[in-house]
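Residues per chain are reported as follows:
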Amino acid sequence: MEEKKNTTVVKINGAEYRISCEADEEYVRHVAYHVDKKMRDLIIRDKRLSTSMAAVLTAVNICDEYMQAQEDNEKLRAQLLKYAEEAGGSKLALDKLNAELARLRAENQSLKMNVVKLETELKNKM
């Protein structure tokens, strides 16, 4: 099934652009605003930049941000996997401890019953 394409008119650095894509209008406007802000910030810092130079530098800066975000994302994924493995190991250790606790409780109950039995026997011999 083919997605419906939406057309949104946006302004970037004073020029209007018609953008046709599957994303909704609010998202396209948000992206265009981000590009416009980055481009204007560059032009404000260096008034000698032509529109095309500013556009290329904006693209490079946004691509750099994207690549850094991807790298951060990969680091976070690796950390999550490490935490998941640690949690799995902790779960196994917890299961073992719970089994040992259950065994010790049963042994404790058996010993209490044995104490009662021995006390009864001792009273009967007196």
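You'll find the structure just up there.
Residues numbered from 1 in each chain as written. Predicted model: local features only at pLDDT ≥ 70, side-chain atom pairs only at ≥ 80, totals over all residues. Heavy atoms only, no water.

## Here's the deal with the overall build of the protein chain
For the protein chain, the helix and strand inventory stands at 2 helices and 2 strands. Secondary structure elements in the protein chain, listed N-terminal to C-terminal, are β-β-α-α. In terms of C-alpha radius of gyration, the protein chain reaches 35 Å, well past the compact-globule figure of 14 Å for 126 residues. If one aligns the C-alpha atoms of the protein chain with their principal axes, the spans along those axes are about 110 × 40 × 20 Å. Buried residues in the protein chain amount to 10% of all 126 residues. Counting only carbon and sulfur atoms, one obtains 58% of the accessible surface of the protein chain, whose full area is about 10900 Å². Across the protein chain, the 22 positively charged side chains and the 22 negatively charged ones have centroids separated by 5 Å. (Helix = DSSP H or I, 4+ residues; strand = E, 2+ residues; numbered from the N terminus. Rg over C-alpha atoms; globule rule 2.2 N^0.38 Å. Buried < 20%, exposed > 50% of the residue type's maximum accessible area, 1.4 Å probe, protein only. Areas by Shrake-Rupley, 256 points an atom, 1.4 Å probe, with all protein chains shown as cover. Lys, Arg positive; Asp, Glu negative; His and termini not counted. Charge placed at Lys NZ, Arg CZ, Asp CG, Glu CD.)

## Some points on the pairing of strand β1 (residues 6–12)
Regular strands place their side chains on alternate faces of the sheet. Across 7 bridges, β1 lies against strand β2 (residues 15–21) in antiparallel orientation. Paired with T7 across the bridge in β2 is S20. Hairpin remark: β1 followed by β2, antiparallel, with 2 residues in the connecting loop; positive phi at N13, about 55 degrees. (Pairing = 2+ DSSP bridges.)

## Here we look at helix α1 (residues 25–45)
Under the 1.5 Å per step criterion, the end-to-end length of α1 is 30 Å for 21 residues, consistent within 8% with the ideal 30 Å. Regarding α1, the residues found buried are V28, A32, D36, M39 and L42. With its buried residues spanning 125 degrees around the axis, α1 presents them on a single face. Every exposed residue of α1 that faces more than 90 degrees away from the buried side is listed here: E26, H30, Y33, I44 and R45. Tucked inside the fold, the buried residues of α1 contact β1, β2 and α2 (51–125). (Expected span 1.5 Å × (residues − 1). Arc of directions from axis to C-beta. Contact = heavy atoms within 4.5 Å.)

## Here we look at the pattern of salt bridges
Tallying each qualifying case throughout the model produces 10 salt bridges. With a closest N to O distance of 3.9 Å, E74 and R77 form a salt bridge. Taken as a pair, E74 and R77 lie in helix α2 at a separation of 3 residues, close to a single helical turn. Residues participating in the shared-partner salt-bridge network are E100, R103 and E107. (Salt bridge = Lys/Arg side-chain N within 4 Å of Asp/Glu carboxyl O.)

Nothing here speaks to function; it is geometry throughout.
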